[in-house]
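# Residue-level structure breakdown
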Amino acid sequence: MGYVAAAYLLVAALLAGYAWSLLARQRDLVRRARDHDGEP
Amino acid sequence: MRGRLLWLALPAVMLPVGAYLGLVVAPVEAFQGDPYRILYVHVPSVVTSYAAFAVAFVASALFLARRRPQFDRLAFASAELGELFLTMVLITGPIWGKPVWGAWWTWDARLTTALILWFIFGAYLMVRNWSGARGARVAAVIAVVGVLDIPLIHWSAVLLRTLHPRPTVFRAAGPDLPASFLYVLLFNIAAFLLTYAVLLSLRIRQQRQREALAELEMA
């Protein structure tokens with residue numbers, strides 16, 4: 001069952017990692033948009 | 001707004017339910033035992049990566065023909081997700097292979113052509129990320145040529161002698177799986193495809209925002 005758990009956990013980690021990278025890129029966009037508007 | 005939230009929440013519900021069905025509800029396979037349960041993440045990842053690369057292929061061909069940025073945006077986002085799901089394939093495959101074949105990896109036709117596809121779209125993403133809009137045309141050519149590897153991957157297990165089993169679901173004579181396995185597999189395929197669709201829509205929207213912001217910053 002160790003192989004099965006490893007496979008499922010790695011798939012979950014890859015999906016979570018991609019979702020996290022999307023959020024990080026979105027935060028960066030929001031920060032750049034604020035900088036452009038001159039907001040703190 | 002409500003519909004949008006529901007759309008985003010669907011994969012978050014379907015993926016854990018699919019994992020529960022694959023790990024707990026689906027019966028144990030007689031020959032392989034529990035390791036066969038990797039099927040429920042391996043095959044959906046394969047199907048989703050093929051679908052994503054097929055979308056990237058069509059969008060890239062349209063971009064080359066018409067030069068409209070929305071096709072490039074769609075191809076870029078879909079290729080990125082295709083690479084993500086293909087990475088899952090290349091990770092779950094060896095983890096399944098070790099207990100069943102006794103080896104993590106073997107250089108047979110199926111596995112090697114799949115690895116080549118991963119490198120081709122890795123090259124696509126490098127070109128597209130590092131040379132910006134200027135590299136879009138080169139990247140589109142890579143995507144169009146690269147997708148031709150998918151039929152090779154599929155037919156390699158049918159026409160050549162490989163360690164990898166022949167297709168049991170997507171074959172001309174219909175699926176060769178008991179219903180109790182097939183329904184769980186189809187549910188997981190639907191969950192993975194839906195996850196791809198949601199992530200694709202978010203990634204395209206983000207890319208559009210990035211381009212709009214870059215134009216504002218240039219002005």
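With that settled, the discussion passes to the overall build of chain B. A tally of helices and strands in chain B yields 7 helices and 0 strands. Reading chain B from its N end, one meets helices and strands in the order α-α-α-α-α-α-α. Relative to its length of 219 residues, chain B is compact, with a C-alpha radius of gyration of 19 Å against a globular reference of 17 Å. In terms of overall dimensions, chain B has C-alpha extents of about 65 × 45 × 30 Å along its principal axes. A total of 219 residues make up chain B; the buried ones form 36% of that total. In chain B, the share of contacts with a sequence separation of at least 24, taken over all contacts with a separation of at least 6, comes to 73%.

A separate point is the overall build of chain A. Along the backbone of chain A there are 1 helix and 0 strands. The C-alpha extent of chain A, read off along each of the three principal axes, is 55 × 10 × 5 Å. By residue count, 8% of the 40 residues in chain A fall in the buried class.

Interfaces are often described in size by the accessible area the parts lose on coming together. Each side of the interface is counted separately: chain B has 25 residues, and chain A has 17 residues. Contributions of two or more residues to the side of chain B that touches chain A are made by α1 (2-25), α3 (69-101) and α7 (179-218) of chain B. Its residues assigned to classes, the side of chain B that touches chain A shows 15 nonpolar, 4 polar and 6 charged.

What follows is about the packing of α3(B) against helix α5 (residues 136-146) of chain B. Residues and elements named next belong to chain B. For the pair α3 and α5, interaxial distance at closest approach is 11 Å and the crossing angle is 55 degrees. Between α3 and α5, the angle is such that the two are oblique. Crossing of α3 against α5: the hand is left-handed. Residues D72, A75 and A79 of α3 touch α5, and the partners they reach there are A136, A140 and A143. Across the contact of α3 with α5, the residue classes break down as 5 nonpolar, no polar and 1 charged.

Core analysis: the biggest nonpolar cluster contains 55 residues, and B:I38, B:F53, B:A56, B:A75, B:A79, B:F85 and B:A143 have the highest contact counts within it. Apart from the residues within four sequence positions on either side, B:F53 is in contact with B:A79, B:G82, B:F121, B:V147 and B:I150.

This part covers α5(B). If you check which residues of α5(B) are buried, you get B:A136, B:A139, B:A140, B:I142, B:A143 and B:G146. Within α5(B), the buried residues cover an arc of 160 degrees as seen down the axis, which keeps them to one side.

With that settled, the discussion passes to unusual backbone geometry. Trans peptide bonds make up the majority, and among non-glycine residues the majority have a negative phi. In this structure, B:R67 takes a positive phi of about 60 degrees despite not being glycine. Within the secondary structure layout, B:R67 lies in the loop between α2 (39-66) and α3.

Here the focus is the packing of α2(B) against α7(B). Residues and elements named next belong to chain B. Relative to each other, α2 and α7 sit at 45 degrees, their axes nearing to 8 Å. On the basis of their axis angle, the class for α2 and α7 is oblique. In terms of crossing hand, the pair formed by α2 and α7 is right-handed. Where α2 abuts α7, its residues L39, Y40, V43, P44, S45, V47, T48, A51 and A52 lie against V184, L185, N188, I189, F192, L193 and Y196. Among the residues forming the contact of α2 with α7, the class breakdown is 13 nonpolar, 3 polar and no charged.

To continue, consider the environment of B:L39. With respect to the element layout, B:L39 can be found in helix α2. Taking C-alpha positions, B:L39 is 14 Å from B:D176, a pair spaced 137 residues apart along the chain.

All names here are of chain B. Confidence in the prediction for chain B averages 89 pLDDT; 96% of positions are at 70 or higher. Averaged pLDDT values for the elements of chain B fall to 82 in helix α6 (residues 149-159) and rise to 96 in α2. Two numbers describe this predicted complex: its pTM, 0.91, and its ipTM, 0.89.

Reading the values: rules and limits
Residues numbered from 1 in each chain as written. Chains lettered and ligands numbered in written order. Predicted model: local features only at pLDDT ≥ 70, side-chain atom pairs only at ≥ 80, totals over all residues. Helix = DSSP H or I, 4+ residues; strand = E, 2+ residues; numbered from the N terminus. Rg over C-alpha atoms; globule rule 2.2 N^0.38 Å. Buried ≥ 20, exposed ≤ 12 C-beta atoms within 10 Å, placed from the backbone. Contact = placed C-beta atoms within 7 Å. Nonpolar A, V, L, I, M, F, W, Y, C, P; charged D, E, K, R; others polar. Axes fitted to C-alpha atoms, helices over the stretch in contact; angles between N-to-C directions. Parallel < 35°, antiparallel > 145°, perpendicular 65-115°, else oblique. Left-handed = near helix turned anticlockwise from the far one by under 90°. Core = buried A, V, L, I, M, F, W, Y, C linked by C-beta atoms within 7 Å. Arc of directions from axis to C-beta. pLDDT = per-residue confidence, 0-100.

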